[in-house]
Amino acid sequence: SDVANTTTSSPKSKEDQVVNGHDEKESNPFAEYMWMENEEDFNRQVEEELQEQEFLDRCFQEMLDEEDQDWFIPSRDLPQGIGQLQQQLNGLSVAEGHTSEDILSKSNLNPDAKEFVPGVKY
């Protein structure tokens, strides 16, 4: 009978400590479900967070669109004819057959003129 008393008075086994899948030490076994008590408030809070995120996304997109408008993008901002002209200009090169004397002899600039300096009056 002494053996029987020691087994019954022994500390609770692991199975006895767990009630309905929760430890007795746990103050509220339904703590993880307590948000459901105020489900409307929870839903409202989540919805506000989603709306705020959507608003921020729209603001960033508008900011990026405005920034794109400020940049000069030739393919978008120039008329089509100018794009072709630009390609032709890029293909041009200075002909090597002319010497500086040829250019000077055909020039109608005055070689004796004073050098132009901005802001100086002569």
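In the nomenclature of an unreviewed UniProt entry, the chain is known as PAI2B protein of Eudromia elegans. Recorded in UniProt under Sequence similarities (unreviewed entry), the annotation for the chain is "Belongs to the PAIP2 family."

*Asks:* Honestly, the overall build of the chain in this entry has me stumped. Any pointers?
*Replies:* On a plain count of helices and strands, the chain comes out with six helices and two strands. Counting from the amino terminus, helix and strand elements in the chain follow one another as α-α-β-β-α-α-α-α. Counting all 122 residues of the chain, 0% fall into the buried class. Only carbon and sulfur atoms are counted for the fraction: they give 54% of the accessible area of the chain, which is about 12300 Å².

*Asks:* Where do I start with the confidence of the model for the chain in this structure?
*Replies:* Interpretation of this model should avoid reading the predicted coordinates in detail wherever pLDDT is low. In this model, the chain carries an average pLDDT of 75, and 67% of its residues clear a pLDDT of 70 or more. Of all the helices and strands in the chain, helix 1 (residues 2–8) carries the lowest mean pLDDT, 48, while helix 3 (residues 39–70) carries the highest, 91. Low pLDDT, under 50, characterises residues 4–11; the stretch is placed with zero contacts to residues that sit more than four places away or in other chains.

*Asks:* What should I look at first to understand the pattern of salt bridges in this one?
*Replies:* Opposite charge on two side chains allows them to pair when their charged atoms are near. Taken as a whole and assessed by the stated rule, the structure comprises three salt bridges. Note that Arg44 and Asp41 form a salt bridge whose closest N and O atoms lie 2.9 Å from each other. Taken together, the residues Arg44 and Asp41, both in helix 3 and three residues apart, mark about one turn of the helix. Given a relative accessible area of 45%, Arg44 falls into the partly exposed group. Under the relative-accessibility criterion, Asp41 is labelled partly exposed at 40%. Glu54 is paired through a salt bridge with Arg58; the nearest N and O atoms lie 3.3 Å apart.

*Asks:* Could you clarify how one ought to interpret a nonpolar patch on the surface in this entry?
*Replies:* On the surface, Phe30, Tyr33, Met34, Trp35, Met36, Phe42, Val46 and Leu50 cluster together into a nonpolar patch covering about 780 Å² of accessible area. For Phe42, the position within the fold is in helix 3.

*Asks:* Would you take a moment to explain a negative patch on the surface for this structure?
*Replies:* Together, Glu62, Asp65, Glu66, Glu67, Asp68 and Asp70 make up a negatively charged patch on the protein surface. As for its position among the elements, Glu67 is in helix 3. Under the relative-accessibility criterion, Glu67 is labelled partly exposed at 42%.

Calculation notes
- Residues numbered from 1 in each chain as written.
- Predicted model: local features only at pLDDT ≥ 70, side-chain atom pairs only at ≥ 80, totals over all residues.
- Heavy atoms only, no water.
- UniProt positions renumbered as here; feature names shortened; annotations may be inferred.
- Helix = DSSP H or I, 4+ residues; strand = E, 2+ residues; numbered from the N terminus.
- Buried < 20%, exposed > 50% of the residue type's maximum accessible area, 1.4 Å probe, protein only.
- Areas by Shrake-Rupley, 256 points an atom, 1.4 Å probe, with all protein chains shown as cover.
- pLDDT = per-residue confidence, 0-100.
- Contact = heavy atoms within 4.5 Å.
- Salt bridge = Lys/Arg side-chain N within 4 Å of Asp/Glu carboxyl O.
- Patch = residues over 30% accessible without salt bridge, like charges linked within 9 Å, V, L, I, M, F, W, Y side chains within 5 Å.
- Lys, Arg positive; Asp, Glu negative; His and termini not counted.
- Charge placed at Lys NZ, Arg CZ, Asp CG, Glu CD.

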